[in-house]
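Next come the chains, spelled out residue by residue.
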Amino acid sequence: MITDETNPSDFKRSEKADYSRIKGWGIDADPENDPAYPMKKRTGEEHEGYTWERPQQQPETVEILKSVERPNLTAAFGTASPPEGVNGAIRKFAFRYSESSYGRWLPLVLADRIGAVEGIIDDLKNGHLPNVFAERGWGAEWKYNRKNFLLKIAAAAAVTAVAVSILSSKKKSDD
(Lines give C-alpha, C1' and ligand atoms only; values in the text may rest on other atoms or scores of the structure.)
Protein backbone atom coordinates (compact mmCIF):
# COMPACT_ATOMS: atom_id res chain seq x y z
CA MET A 1 0.00 0.00 0.00
CA ILE A 2 1.33 3.42 -0.94
CA THR A 3 0.74 5.99 1.78
CA ASP A 4 1.07 9.71 2.00
CA GLU A 5 3.97 9.94 4.41
CA THR A 6 5.56 13.36 4.67
CA ASN A 7 8.29 14.92 6.74
CA PRO A 8 8.74 18.60 7.59
CA SER A 9 11.79 18.67 5.33
CA ASP A 10 9.57 17.72 2.37
CA PHE A 11 8.01 21.20 2.49
CA LYS A 12 11.29 23.11 2.23
CA ARG A 13 12.69 23.91 -1.20
CA SER A 14 16.33 24.56 -1.72
CA GLU A 15 15.91 25.93 -5.25
CA LYS A 16 13.59 28.72 -6.30
CA ALA A 17 10.79 27.47 -8.56
CA ASP A 18 9.40 29.58 -11.39
CA TYR A 19 5.63 29.82 -11.10
CA SER A 20 5.28 32.82 -13.41
CA ARG A 21 3.55 30.63 -16.02
CA ILE A 22 0.58 30.15 -13.65
CA LYS A 23 -1.90 33.00 -14.04
CA GLY A 24 -2.39 34.85 -10.77
CA TRP A 25 0.42 33.03 -8.95
CA GLY A 26 2.15 35.20 -6.36
CA ILE A 27 -0.49 37.90 -6.52
CA ASP A 28 -0.24 38.23 -2.74
CA ALA A 29 3.55 38.00 -2.58
CA ASP A 30 4.10 41.77 -2.41
CA PRO A 31 3.59 42.86 1.23
CA GLU A 32 2.73 46.38 0.05
CA ASN A 33 -0.24 44.91 -1.86
CA ASP A 34 -1.42 42.71 1.03
CA PRO A 35 -4.38 44.12 2.99
CA ALA A 36 -3.43 42.04 6.04
CA TYR A 37 0.22 43.11 6.03
CA PRO A 38 0.06 45.90 8.61
CA MET A 39 -1.87 43.65 11.02
CA LYS A 40 0.33 40.58 10.77
CA LYS A 41 3.96 40.60 11.75
CA ARG A 42 5.56 38.32 9.19
CA THR A 43 8.55 36.40 10.42
CA GLY A 44 8.67 33.60 7.87
CA GLU A 45 8.34 30.98 10.63
CA GLU A 46 5.06 29.71 9.19
CA HIS A 47 7.06 28.42 6.24
CA GLU A 48 9.64 26.53 8.26
CA GLY A 49 7.71 23.26 8.17
CA TYR A 50 5.31 21.37 10.36
CA THR A 51 6.15 20.26 13.87
CA TRP A 52 3.29 17.81 14.39
CA GLU A 53 3.54 14.06 14.34
CA ARG A 54 1.54 12.45 11.56
CA PRO A 55 -1.28 10.17 12.81
CA GLN A 56 -1.51 6.56 11.68
CA GLN A 57 -2.86 6.11 8.15
CA GLN A 58 -6.43 4.84 7.77
CA PRO A 59 -6.32 1.20 6.58
CA GLU A 60 -7.29 0.43 2.97
CA THR A 61 -9.87 -2.37 3.22
CA VAL A 62 -11.80 -1.89 -0.05
CA GLU A 63 -10.96 -0.63 -3.53
CA ILE A 64 -10.39 3.12 -3.45
CA LEU A 65 -10.29 5.21 -6.61
CA LYS A 66 -7.31 7.55 -6.69
CA SER A 67 -6.77 10.76 -8.62
CA VAL A 68 -4.15 10.78 -11.38
CA GLU A 69 -2.82 14.00 -9.84
CA ARG A 70 -2.32 12.26 -6.49
CA PRO A 71 -1.77 8.55 -7.04
CA ASN A 72 -1.20 7.77 -3.35
CA LEU A 73 -3.87 7.69 -0.66
CA THR A 74 -4.94 10.91 0.99
CA ALA A 75 -4.93 11.16 4.77
CA ALA A 76 -8.68 10.59 4.96
CA PHE A 77 -10.84 8.76 2.43
CA GLY A 78 -14.25 7.15 2.26
CA THR A 79 -14.88 3.42 2.16
CA ALA A 80 -18.66 3.38 2.59
CA SER A 81 -19.48 2.51 -1.00
CA PRO A 82 -16.66 1.00 -3.04
CA PRO A 83 -17.16 1.06 -6.82
CA GLU A 84 -19.41 -1.76 -8.01
CA GLY A 85 -21.85 -2.44 -10.82
CA VAL A 86 -22.25 -0.30 -13.92
CA ASN A 87 -21.80 2.95 -12.01
CA GLY A 88 -18.56 1.60 -10.48
CA ALA A 89 -17.21 0.75 -13.93
CA ILE A 90 -18.02 4.28 -15.12
CA ARG A 91 -16.30 5.73 -12.03
CA LYS A 92 -13.17 3.65 -12.69
CA PHE A 93 -13.16 4.98 -16.26
CA ALA A 94 -13.59 8.59 -15.03
CA PHE A 95 -10.68 8.34 -12.59
CA ARG A 96 -8.28 7.79 -15.53
CA TYR A 97 -8.62 11.50 -16.34
CA SER A 98 -7.43 14.66 -14.66
CA GLU A 99 -9.63 16.43 -12.12
CA SER A 100 -9.80 19.43 -14.44
CA SER A 101 -11.21 17.41 -17.34
CA TYR A 102 -14.75 16.91 -18.60
CA GLY A 103 -13.68 13.31 -19.14
CA ARG A 104 -13.59 13.06 -15.37
CA TRP A 105 -16.67 14.97 -14.23
CA LEU A 106 -19.26 14.13 -16.86
CA PRO A 107 -18.88 10.37 -16.37
CA LEU A 108 -19.05 10.89 -12.60
CA VAL A 109 -22.37 12.74 -12.97
CA LEU A 110 -23.64 9.91 -15.20
CA ALA A 111 -22.41 7.34 -12.65
CA ASP A 112 -24.37 9.11 -9.91
CA ARG A 113 -27.58 8.91 -11.95
CA ILE A 114 -26.99 5.25 -12.79
CA GLY A 115 -26.18 4.58 -9.14
CA ALA A 116 -29.58 5.97 -8.13
CA VAL A 117 -31.34 3.64 -10.57
CA GLU A 118 -29.18 0.70 -9.41
CA GLY A 119 -30.16 1.53 -5.82
CA ILE A 120 -33.85 1.35 -6.69
CA ILE A 121 -33.33 -1.96 -8.52
CA ASP A 122 -31.38 -3.29 -5.53
CA ASP A 123 -34.20 -2.25 -3.18
CA LEU A 124 -36.74 -4.05 -5.36
CA LYS A 125 -34.55 -7.20 -5.48
CA ASN A 126 -34.38 -7.19 -1.67
CA GLY A 127 -38.17 -6.91 -1.38
CA HIS A 128 -38.22 -3.25 -0.32
CA LEU A 129 -40.50 -0.91 -2.23
CA PRO A 130 -38.74 2.47 -2.24
CA ASN A 131 -40.73 5.62 -1.55
CA VAL A 132 -39.36 7.56 -4.53
CA PHE A 133 -41.70 10.50 -3.87
CA ALA A 134 -40.22 11.10 -0.40
CA GLU A 135 -36.63 10.14 -1.23
CA ARG A 136 -36.47 12.62 -4.11
CA GLY A 137 -37.89 15.42 -1.95
CA TRP A 138 -41.03 15.81 -4.00
CA GLY A 139 -43.15 16.29 -0.88
CA ALA A 140 -41.22 19.40 0.10
CA GLU A 141 -41.20 20.62 -3.48
CA TRP A 142 -45.00 20.16 -3.70
CA LYS A 143 -45.38 22.10 -0.47
CA TYR A 144 -42.94 24.98 -1.12
CA ASN A 145 -42.41 25.12 -4.90
CA ARG A 146 -45.64 23.80 -6.38
CA LYS A 147 -45.61 25.84 -9.61
CA ASN A 148 -42.14 24.72 -10.70
CA PHE A 149 -42.83 21.16 -9.56
CA LEU A 150 -45.90 21.01 -11.81
CA LEU A 151 -43.83 22.44 -14.68
CA LYS A 152 -41.20 19.70 -14.16
CA ILE A 153 -43.89 17.01 -14.14
CA ALA A 154 -45.45 18.45 -17.31
CA ALA A 155 -42.06 18.61 -19.05
CA ALA A 156 -41.26 15.02 -18.05
CA ALA A 157 -44.67 13.87 -19.30
CA ALA A 158 -44.16 15.71 -22.61
CA VAL A 159 -40.71 14.20 -23.15
CA THR A 160 -42.05 10.75 -22.31
CA ALA A 161 -45.01 11.17 -24.67
CA VAL A 162 -42.72 12.28 -27.52
CA ALA A 163 -40.36 9.35 -26.90
CA VAL A 164 -43.22 6.85 -26.82
CA SER A 165 -44.77 8.27 -30.00
CA ILE A 166 -41.41 8.15 -31.84
CA LEU A 167 -40.77 4.59 -30.75
CA SER A 168 -44.30 3.42 -31.61
CA SER A 169 -44.18 5.10 -35.05
CA LYS A 170 -40.91 3.28 -35.82
CA LYS A 171 -42.52 -0.04 -34.92
CA LYS A 172 -45.47 0.65 -37.22
CA SER A 173 -43.18 1.63 -40.11
CA ASP A 174 -41.14 -1.57 -39.64
CA ASP A 175 -44.28 -3.73 -39.84
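Since we're looking at a predicted model, the values are computed, not measured. (Residues numbered from 1 in each chain as written. Predicted model: local features only at pLDDT ≥ 70, side-chain atom pairs only at ≥ 80, totals over all residues. Heavy atoms only, no water.)

Q: How would you summarise the overall build of the protein chain if you had to cite specific residues and measurements?
A: Per the secondary structure count, the protein chain includes five helices and zero strands. Across the protein chain, the fraction of contacts at a sequence separation of at least 24, relative to all contacts at a separation of at least 6, is 40%. As presented, the protein chain carries roughly 14,600 Å² of accessible surface, and 57% of it is formed by carbon and sulfur atoms. (Helix = DSSP H or I, 4+ residues; strand = E, 2+ residues; numbered from the N terminus. Contact = heavy atoms within 4.5 Å. Areas by Shrake-Rupley, 256 points an atom, 1.4 Å probe, with all protein chains shown as cover.)

Q: Can you lay out the packing of aromatic side chains for me, pointing to particular residues and giving the numbers?
A: Counted under the stated rule, the structure contains four aromatic pairs. Ring geometry for Trp 138 against Phe 149: centres 6.2 Å apart, planes inclined by 50°, an arrangement best described as tilted. Residue Trp 138 is found in helix 4 (residues 138-144), and its partner Phe 149 is found in helix 5 (residues 146-174); the two are separated by eleven residues along the sequence. Assessed through its relative accessible area of 27%, Trp 138 is described here as partly exposed. Look at Phe 149 and you get buried, because its relative accessible area is 7%. Against the face of Trp 105 rests Arg 104, its NZ or CZ located 5.6 Å from the ring centre. (Phe/Tyr/Trp six-rings, centres within 6.5 Å; stacked < 30°, edge-to-face > 60°. Buried < 20%, exposed > 50% of the residue type's maximum accessible area, 1.4 Å probe, protein only. Lys NZ or Arg CZ within 6 Å of the ring centre and 35° of its normal.)

Q: Requested: an account of the confidence of the model for the protein chain, with residues and values cited.
A: On average, residues of the protein chain carry a pLDDT of 82, and 77% of them reach 70 or more. No element of the protein chain has a lower mean pLDDT than helix 3 (residues 132-135), which averages 86, and none a higher one than helix 1 (residues 85-94), which averages 94. (pLDDT = per-residue confidence, 0-100.)

Q: Go over the pattern of salt bridges with me, naming the residues and quoting the values.
A: Applying the stated criterion across every chain yields a total of five salt bridges. Between Lys 92 and Glu 63 there is a salt bridge whose closest N-O contact spans 3.4 Å. Of this pair, Lys 92 sits in helix 1 while Glu 63 sits in the segment before helix 1, and the two are 29 residues apart along the sequence. Here Asp 112 ties to Arg 91 by a salt bridge, and the two come within 2.4 Å at their closest N and O atoms. Here Asp 112 is found in helix 2 (residues 102-125), whereas its partner Arg 91 is found in helix 1, with 21 residues between them in sequence. (Salt bridge = Lys/Arg side-chain N within 4 Å of Asp/Glu carboxyl O.)

Q: Could you give an account of helix 1, with specific residues and numbers?
A: Of the positions making up helix 1, those classed as buried are Asn 87, Gly 88, Ile 90 and Ala 94. For helix 1, the angular spread of the buried residues around the axis is 160°, confining them to a single face. The inward-facing, buried residues of helix 1 abut helix 2. (Arc of directions from axis to C-beta.)

Q: Quick one: what's the story with a nonpolar patch on the surface, residue by residue and with numbers?
A: Residues Ile 120, Leu 124 and Leu 129 make up a contiguous nonpolar surface patch of about 300 Å² in total accessible area. Here Leu 129 falls in the exposed class, since its relative accessible area comes to 70%. (Patch = residues over 30% accessible without salt bridge, like charges linked within 9 Å, V, L, I, M, F, W, Y side chains within 5 Å.)

Q: Explain the environment of Ala 116 to me, and be specific about the residues and the numbers.
A: Locating Ala 116 in the fold gives a position in helix 2. Exposure remark for Ala 116: the relative accessible area of 43% places this residue in the partly exposed category. In sequence terms Ala 116 and Asn 87 are 29 residues apart; their C-alpha atoms lie 9.2 Å from each other.

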